[in-house]
2 protein chains.
Amino acid sequence: MVTIGDIAKEANVSKTTVSRVLNNSSLVDENTRQKITELIEKYNYVPSTIARNLSKRESSTIGVIIPEIDNPFFGEMLRGIMDTMEQVGLTVMCFNSGDKKEKDMKALAILRQNGIKGLIYTPAIDYSGNEEQSMLKKWLQSLDSPVVVVDRELEFLQNADGVFFDNELAAYKATEALIQSGHKKIAIINAELDRILARERQRGYERALKEHNIEVNDKYIFLGDYTENKAYQLSKQCLNLEEKPTAVLTCNNNTTMGFFRAKKEIGIEDSEIVCIGFDNIKALEFFDINFNYIERSVYSMGKKAADLLLQRIKNPDQPRIKYIIEPKLVIKHI
Amino acid sequence: MVTIGDIAKEANVSKTTVSRVLNNSSLVDENTRQKITELIEKYNYVPSTIARNLSKRESSTIGVIIPEIDNPFFGEMLRGIMDTMEQVGLTVMCFNSGDKKEKDMKALAILRQNGIKGLIYTPAIDYSGNEEQSMLKKWLQSLDSPVVVVDRELEFLQNADGVFFDNELAAYKATEALIQSGHKKIAIINAELDRILARERQRGYERALKEHNIEVNDKYIFLGDYTENKAYQLSKQCLNLEEKPTAVLTCNNNTTMGFFRAKKEIGIEDSEIVCIGFDNIKALEFFDINFNYIERSVYSMGKKAADLLLQRIKNPDQPRIKYIIEPKLVIKHI
DNA sequence: CTGAAAGCGCTTACAG
DNA sequence: CTGAAAGCGCTTACAG
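### Looking at the overall build of chain A
Assigned secondary structure in chain A consists of 12 helices and 12 strands. Relative to the globule expectation of 20 Å for 334 residues, the C-alpha radius of gyration of chain A, 26 Å, shows a markedly less compact shape. Looking at chain A as a whole, 45% of its 334 residues qualify as buried. Taking all contacts inside chain A whose residues are at least 6 apart in sequence as the whole, residues at least 24 apart take part in 73%.

### Looking at the sheet that holds strand β7 (residues 221-224) of chain B
Residues and elements named next belong to chain B. Strands sit in the order β7-β6-β8-β9-β10-β12 across an open sheet of 6 strands; the sheet is mixed. Lying at the two open borders of the sheet, with one neighbouring strand each, are β7 and β12 (328-330). In this sheet, neighbouring strand axes are inclined to one another by 15 degrees on average, regardless of whether the strands run parallel or antiparallel. Of the pairings in the sheet, the one linking strand β9 (residues 274-278) to strand β10 (residues 291-295) comprises 4 bridges and is parallel in character. Bridging from a neighbouring strand, Phe278 pairs with Ile294 of β10. The strands touched by helix α10 (residues 228-239) are β6 (186-191), β7 and β8 (247-250); relative to β7, the strand with the most contacts, the crossing angle is about 160 degrees.

### Brief notes about helix α11 (residues 253-266) of chain B
Residues three or four positions apart in an α-helix share a direction because the helix packs 3.6 residues into each turn. Residues and elements named next belong to chain B. With 14 residues, α11 should reach 20 Å at 1.5 Å per residue; the first-to-last C-alpha distance of 20 Å fits that figure. Burial of α11 is extensive: 10 of the 14 residues sit out of reach of the surface. Residues of α11 that are buried: Asn253, Asn254, Thr255, Thr256, Met257, Gly258, Phe259, Phe260, Ala262 and Lys263. Taken together, the buried residues of α11 touch α5 (72-87), β6, α10, β8 and β9. Looking one or two residues beyond α11, the residue adopting positive phi is Gly267, at roughly 85 degrees.

### Observations regarding the protein's contact with DNA strand D
Within the structure, DNA strand D sits among 26 residues, and Ser14 and Asp29 of chain A together with Ile4, Ser19 and Ser55 of chain B are positioned closest to it. When residues of the surface near DNA strand D are traced back to their parent elements, those giving at least two are α2 (15-22) and α4 (49-56) of chain A together with α2 (15-22) and α4 (49-56) of chain B. With 5 residues, the single largest contributor to the surface near DNA strand D is α4 of chain B. Of the residues assigned to the surface near DNA strand D, the class counts are 10 nonpolar, 11 polar and 5 charged.

### Remarks on the packing of helix α1 (residues 4-11) of chain A against helix α3 (residues 30-43) of chain A
All names here are of chain A. Interhelical geometry of α1 versus α3 gives an angle of 130 degrees and a closest axis separation of 10 Å. As far as their axial angle goes, α3 and α1 are oblique. The way α1 lies across α3 gives a crossing that is right-handed. Two secondary-structure elements touch here, α1 through Asp6, Ile7, Glu10 and Ala11 and α3 through Lys35, Ile36, Leu39, Ile40 and Tyr43. When the residues that make up the contact of α1 with α3 are grouped by side-chain class, the tally is 6 nonpolar, no polar and 3 charged.

### A short note on the protein's contact with DNA strand C
Inspection of the region around DNA strand C gives 26 residues, with Ile4, Ser19 and Ser55 of chain A together with Ser14 and Asp29 of chain B positioned closest. Counting residues per element, the ones that place at least two in the surface near DNA strand C are α2 and α4 of chain A together with α2 and α4 of chain B. Here the surface near DNA strand C gets 5 residues from one element, more than from any other, and that element is α4 of chain A. Here the surface near DNA strand C is built from residues that sort into 10 nonpolar, 11 polar and 5 charged.

### Notes on the relation of the copies chain B and chain A
Placing chain B over chain A gives an RMSD of 0.0 Å and needs a rotation angle of 180 degrees, together with 0.0 Å of translation along the axis. In short, the pair behaves as if placed about a two-fold rotation axis. No C-alpha of chain B lies nearer the rotation axis than that of Met93 of chain B, which sits 2.3 Å from it. Here 100% of the interface residues in chain B have copies in chain A that are interface residues too; the copies meet face to matching face.

### So, the interface of chain B and chain A
Each partner contributes residues to the interface: chain B has 41 residues there, and chain A has 41 residues. Counting only elements with at least two residues in the side of chain B that touches chain A, the list comes to α4, α5, β2 (91-96), α6 (101-113) and α11 of chain B. At 6 residues, the largest contribution of residues to the side of chain B that touches chain A is made by α5 of chain B. Looking at the side of chain B that touches chain A residue by residue, the classes come out as 22 nonpolar, 12 polar and 7 charged.

### Details of α10 of chain B
With 12 residues, α10 of chain B extends 16 Å between its outermost C-alpha atoms, agreeing within 8% with the 16 Å of an ideal straight helix rising 1.5 Å per residue. In this structure, the buried residues of α10 of chain B make contact with β6, β7, β8 and α11 of chain B.

### Observations regarding the confidence of the model for chain A
When pLDDT drops low, the exact placement of atoms in the prediction is not to be read closely. This prediction gives chain A a mean pLDDT of 94; 100% of its residues lie at or above 70. Here helix α7 (residues 130-143) of chain A stands out as the element of chain A with the lowest mean pLDDT, 92, in contrast to strand β3 (residues 119-121) of chain A, whose mean of 98 is the highest.

### Topic: the pairing of strand β5 (residues 161-165) of chain A
All names here are of chain A. Taking burial as the measure, the 5 residues of β5 include 4 buried ones, the bulk of the element. Here strand β4 (residues 147-150) pairs with β5 via 3 bridges, running parallel. What sits directly across from Val150, in β5, is Val163. Looking at chain direction, β5 and strand β11 (residues 322-325) are connected through 4 bridges and run parallel. Counterpart to Gly162 in the pairing with β11 is Lys322.

Conventions and cut-offs
- Residues numbered from 1 in each chain as written.
- Chains lettered and ligands numbered in written order.
- Predicted model: local features only at pLDDT ≥ 70, side-chain atom pairs only at ≥ 80, totals over all residues.
- Helix = DSSP H or I, 4+ residues; strand = E, 2+ residues; numbered from the N terminus.
- Rg over C-alpha atoms; globule rule 2.2 N^0.38 Å.
- Buried ≥ 20, exposed ≤ 12 C-beta atoms within 10 Å, placed from the backbone.
- Contact = placed C-beta atoms within 7 Å.
- Pairing = 2+ DSSP bridges.
- Axes fitted to C-alpha atoms, helices over the stretch in contact; angles between N-to-C directions.
- Expected span 1.5 Å × (residues − 1).
- Near = placed C-beta within 6 Å.
- Nonpolar A, V, L, I, M, F, W, Y, C, P; charged D, E, K, R; others polar.
- Parallel < 35°, antiparallel > 145°, perpendicular 65-115°, else oblique.
- Left-handed = near helix turned anticlockwise from the far one by under 90°.
- Least-squares fit on C-alpha atoms with pLDDT ≥ 70 in both.
- pLDDT = per-residue confidence, 0-100.

This is how it looks when you write it as structure tokens:
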């Protein structure tokens, strides 16, 4: 491996001078610059980012922790992040937590040791306990670099920038649309309400019902954990009710899948029940399937998160920014 | 930020000694170890991986370049990679090429500057030109670390380890299954044959036809580029043929989507035409849709690729390993 | 058991 | 315009 020293020696100059041409300093003689450039070409030399960063006390990598790398939702988000990071020459160190908080912590530890410039973070789901919360907080602080939280808000972390979705409004709009087209028995398959996400969605659902004088009926409320399996079980319960709902709100894409799985298994006709889901499931577009959804550009969420992080890095003292994405309803069969 | 020097000073020992306890060296007095450990705790000190790596002339990160981060296919692969890398304490620097070879090159350049320990690489699709090929080869070599190629073989790169899929066999089996259930007019929606992937799949398809004495009919062969859009256009042509095929082989998941889009748009009944696709599309499982697929565990492909890379790093001189994943047919409606 | 010194591959005042 | 020297935060012979 050829280093700056090798080039310097061969060119009969100091490392300082080579460093200058590497960094496009103007104060180097045109002839020596020429000579050095040629040698760099000749040996196909590139400076070590590691060494440079260490010397400059800088970092050129940002960390990303997401819960499900193989969920296209997060894939798109990641694409948004990568696209903007690439533009500014930053490199992405990526971790998949699998929704396990232990993995979150582990990733945080490694990221810290790598001295990242900043973090984009979608937390694992289970930070309900006080102890875990303060632990996470401690880890995040010890990172000593800015973090922007995406999609899943942490109520005990009110000092970080964030990009979130207007879950309350989304659930409200969806429920309202169902009501307006005549539905009264509307179920919701959500997650346990210790998560902000779930709470907000629940709130929107209930508010819409109340405002239209429809009783909020516990038997139509199903709280799982946003996994397909749990949603499948709950959906079976839901679809086996004496008095079946005529519509259902599925609160994330895994939940939607679980719902459809149950529906197929029980053998319920597609026309019998209307579904509105959080987030589109692309493959379903190409079929006449009774599926409506709440749309949001996850790609933009990723981009926005990256932008926020860059802003924060540039200007550490700016007031906290919380960016809220607006929902859009896509209604096809209702 | 607290460094090894700070700890050393506070403990009245040398950096060497601190380094020793950091690295669990046995030759340090129990008392001083105790003292140092306490200080490390107290200051919540962690050593800088960057500095350590520079000093040891090592690297703890591997690079990954994939073409479509938001395609669940690659998401799963990435999960496989990350899972095993995490176990061995390696960190993943990830790039999304968007199937653009310029981005491949750019990523390669950055990876090189970061002195990665190894690379797992699924090339962008368009390395057909000689010039591009030798350029890529040069870049890969200048990386000066092992690379394992995944899913898309590069014929001009026969010295790298790889994890591939038995595309020929998969297409053969699928076509054969169709023939055996009575189909004779079988279309294929593939990609241009300058790609190995496409060529292999084409070969399997044609071989099955020939072995069963069915004419290979050009009008049933459609070569696109594995994007949904192109596949959609080709599918329209296909489905508008005078003499429609009764079955079709769609050669990747995007292609399958394009096919179904066209089918819906033209208004062809689900029962009119049988489809076998490369790779499952999960959401379709939950509906009675006329879809069969060729299954492979992409997660395992990722894991396998990671394993190969680790092996190669440990033992640079072992003979080249090429691992071939076997296809499995999942037939539901045929 | 411990430490001084040199080194990893860079950059950056500082002096000339 | 150029370079010697010190430094970034670590590790590693080497000597004691």
